[in-house]
Amino acid sequence: MVFKLSALIALATLPKALAHGGVLSYNIGGTTYQGWNPYNSPTGQTGIERPWSSYNPILSPTDPTIACNDDGTSGAVQLTATVKAGTPIIAYWNQVWPHPYGPMLTYLAQCPGTTCTGVNANTLKWFKIDQSGLISGTVYNGYWGSGKMIDQNSSWTTTIPATVPSGNYMIRFETIALHSLPAQFYPECAQLTITGGGTLAPTAAQLVTFPGAYSATDPGLTIDIYSNAAQTQTTYPIPGPPLYGSASSPTSSAGTPATTPATTPATTPATVSSTPVSAPTGTPGTVAQYGQCGGTGWAGATGCLSPFACTVVNAYYSQCL
Ligand SMILES: *[C@@H]1O[C@H](CO)[C@@H](O)[C@H](O)[C@H]1NC(C)=O
Ligand SMILES: [Cu+2]
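Residues numbered from 1 in each chain as written. Chains lettered and ligands numbered in written order. Predicted model: local features only at pLDDT ≥ 70, side-chain atom pairs only at ≥ 80, totals over all residues. Heavy atoms only, no water.

As recorded by an unreviewed UniProt entry, the protein chain carries the name AA9 family lytic polysaccharide monooxygenase and is attributed to Mycena rosella. Quoted verbatim from the Subcellular location (unreviewed entry) field of UniProt, the annotation for the protein chain is "Secreted". Listed under Catalytic activity (unreviewed entry) in UniProt, the entry text for the protein chain is "[(1->4)-beta-D-glucosyl]n+m + reduced acceptor + O2 = 4-dehydro-beta-D-glucosyl-[(1->4)-beta-D-glucosyl]n-1 + [(1->4)-beta-D-glucosyl]m + acceptor + H2O." (UniProt positions renumbered as here; feature names shortened; annotations may be inferred.)

### What to know about the side chain of Q78
Mapped onto the fold, Q78 is located in strand β4 (residues 77-78). In terms of polar contacts, Q78 uses its side chain to reach the backbone carbonyl oxygen of G47, at 3.2 Å. (Helix = DSSP H or I, 4+ residues; strand = E, 2+ residues; numbered from the N terminus. Polar contact = N/O pair within 3.5 Å; in protein donor to acceptor, adjacent residues only side chain to side chain.)

### Comments concerning the state of the cysteines
On inspection of all chains with the given rule, the structure shows three disulfides. Across a sulfur-sulfur distance of 2.0 Å, C111 and C116 are joined as a disulfide pair. Torsion about the S-S bond of the C111 and C116 cystine: about 105 degrees, corresponding to right-handed handedness. Each of the two residues, C111 as well as C116, counts as buried. Paired through a disulfide, C293 and C310 show a sulfur-sulfur distance of 2.1 Å. An S-S torsion of about 100 degrees defines the bridge between C293 and C310 as right-handed. With C293 in strand β15 (residues 292-294) and C310 in strand β16 (residues 310-314), the pair connects residues that are 17 residues apart, well separated along the chain. One exposure class covers both C293 and C310, and it is buried. (Disulfide = S-S within 2.5 Å. Buried < 20%, exposed > 50% of the residue type's maximum accessible area, 1.4 Å probe, protein only.)

### Describing the coordination of the copper ion (ligand 2)
The coordination sphere of the copper ion (ligand 2) contains the protein donors A19 (O), H20 (ND1), H99 (NE2) and Y186 (OH), at a distance range of 1.9 to 2.7 Å. With four donor atoms in place around the copper ion (ligand 2) and angles of 72 to 159 degrees between them, the coordination shape is irregular. One chain supplies every donor for the copper ion (ligand 2), spaced along it as A-H-x78-H-x86-Y. With H99 in the loop between β6 (88-93) and β7 (104-110) and Y186 in strand β13 (residues 184-195), the pair connects residues that are 87 residues apart, well separated along the chain. No difference in accessibility class separates H99 from Y186, as the two residues are buried. (Donors = N, O, S within 2.8 Å, 3.2 Å for Na, K, Ca; no water. Tetrahedral: all angles 85-135°; square planar, octahedral: opposite > 155°, others 65-115°.)

### Some points on the confidence of the model for the protein chain
For the protein chain, per-residue confidence averages 85 on the pLDDT scale, and residues scoring 70 or more make up 82% of the total. Predicted confidence is poor over residues 248-283, with pLDDT under 50, and the contacts of this stretch with residues over four places away or in other chains come to 41 contacts. (pLDDT = per-residue confidence, 0-100. Contact = heavy atoms within 4.5 Å.)

### Observations concerning the sheet that holds β7
Strand order in the open sheet formed by five strands is β5-β13-β12-β7-β8, with mixed pairing between adjacent strands. Of all strands in the sheet, those bounded by a partner on one side alone are β5 (81-84) and β8 (126-132). Ignoring strand direction, the axes of neighbouring strands in this sheet form an average angle of 35 degrees. Examined bridge by bridge, β5 and β13 share four bridges and lie parallel to one another. Counterpart to K84 in the pairing with β13 is T195. (Pairing = 2+ DSSP bridges. Axes fitted to C-alpha atoms, helices over the stretch in contact; angles between N-to-C directions.)

### Comments concerning unusual backbone geometry
The omega angle of the peptide bond from F210 to P211 is -5 degrees, so this bond is cis rather than trans. Cis geometry is adopted by the peptide bond preceding P307, which originates at S306 and carries an omega value of 5 degrees. Examined against the element boundaries, P307 turns out to sit in the loop between β15 and β16. Positive phi is not limited to glycine here, since S154 has a value of about 50 degrees. Note on placement: S154 falls in the loop between α2 (145-151) and β11 (155-159).

### Topic: the site of ligand 1
Neighbouring ligand 1 are the residues Y92, Q95 and N153. Side-chain polar atom of Q95 to an oxygen atom of ligand 1: 3.2 Å apart, as the coordinates give it. Within the complex, the protein chains bury 43% of what would otherwise be the 360 Å² of accessible surface of ligand 1. (Near = heavy atom within 4 Å. Areas by Shrake-Rupley, 256 points an atom, 1.4 Å probe, with all protein chains shown as cover.)

### Quick word on the sheet that holds β11
If you trace the four strands from one edge of the open sheet to the other, you get β2-β1-β6-β11, paired in antiparallel fashion. Unpaired on one side and paired on the other, β2 (31-34) and β11 mark the two borders of the sheet. When strand polarity is set aside, the average angle formed by the axes of neighbouring strands in this sheet is 20 degrees. Sheet analysis places strand β1 (residues 23-28) next to β2, joined by four bridges and oriented antiparallel. Paired with S25 across the strands is Q34, a residue of β2.

### Quick look at the side chain of K128
As for its position among the elements, K128 is in strand β8. In this structure, K128 is buried with no salt-bridge partner, the nearest side chain bearing the opposite charge being E174 at 7.7 Å. In this structure the side chain of K128 is engaged in a polar contact, spanning 2.8 Å, whose partner is the backbone oxygen of P239. With sequence-adjacent residues up to four places away left out, K128 is seen in contact with L105, T106, Y107, Q206, I238, P239, G240, P241, L243 and Y244. (Lys, Arg positive; Asp, Glu negative; His and termini not counted. Salt bridge = Lys/Arg side-chain N within 4 Å of Asp/Glu carboxyl O.)

Below is the structure:
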């Protein structure tokens with residue numbers, strides 16, 4: 001009887017839950033890792049993702065659950081995926097992700113000791129390895145990182161930088177929805193052991209805590225995308241710290257995320273995604289090993305430094321390998 005009643009309640013709340021969501025699975029180096037299912041019993045659930053309890057967003061950047069959702073502590077049988085630095089990780093949200101206005105952000109945090117299991121995410125120092133804000137158009141009706149995520153099969157691919165030191169890490173994928181205020185945060189975390197890494201530690205300015213990284217008064221979080229001003233605004237300040245590694249790569253200046261993509265014609269990606277795997281290999285290029293060189297929506301360089309070849313990982317992501 002009790003079971004049936006709770007099943008009815010779950011059904012009754014389902015339509016509301018479908019307006020939101022989170023990361024339900026990952027693909028790392030071609031292997032699928034199921035994520036946590038917040039609507040199944042915790043008993044028997046195992047996986048690399050930290051448990052979370054509902055599809056609802058986090059609404060306050062000062063809430064402890066901003067780190068790894070609610071409650072984001074380790075599961076009873078918490079797993080960790082091993083990944084080589086330089087490998088792309090794809091995070092899949094529930095289909096079809098409903099919120100096309102807002103940024104995508106990905107963070108890493110190294111855990112002390114020999115495992116992230118049991119480590120409180122609020123105690124970690126996070127650094128941002130990937131971000132996508134307003135890609136083109138205006139704040140009012142432009143193309144955003146989260147719109148691109150939807151176009152990419154409601155998934156986001158981020159590459160573990162080849163330069164990060166090896167060790168145990170949490171990876172935190174996040175999409176922020178700006179269609180209503182307060183802004184809606186959708187963070188989920190997973191545990192990784194990164195191998196074959198480099199020696200570039202994040203700088204003090206690149207390290208943040210959650211909560212701490214964002215403030216409710218950040219311009220990127222208080223922005224009213226339906227205001228008159230938004231109809232002509234073509235820049236968007238992505239919340240959080242400067243990107244990791246940006247000091248050594250002047251082309252990815254964290255202060256001006258919206259300006260570079262806006263000048264790039266939207267016609268390039270279709271050509272790139274339809275290019276056969278073998279075609280770009282002969283073209284000497286500028287993209288280093290493990291760098292992105294193609295995929296749907298990719299408007300950057302497509303040629304790899306010798307001797308690397310642009311290799312299709314999936315329809316949305318090609319990498320110099
Ligand atoms: C689209 O995403 C789903 C998971 O939501 C996945 O199972 C499927 O393989 C993806 N399709 C492509 C073409 O990547
Ligand atoms: Cu929602």
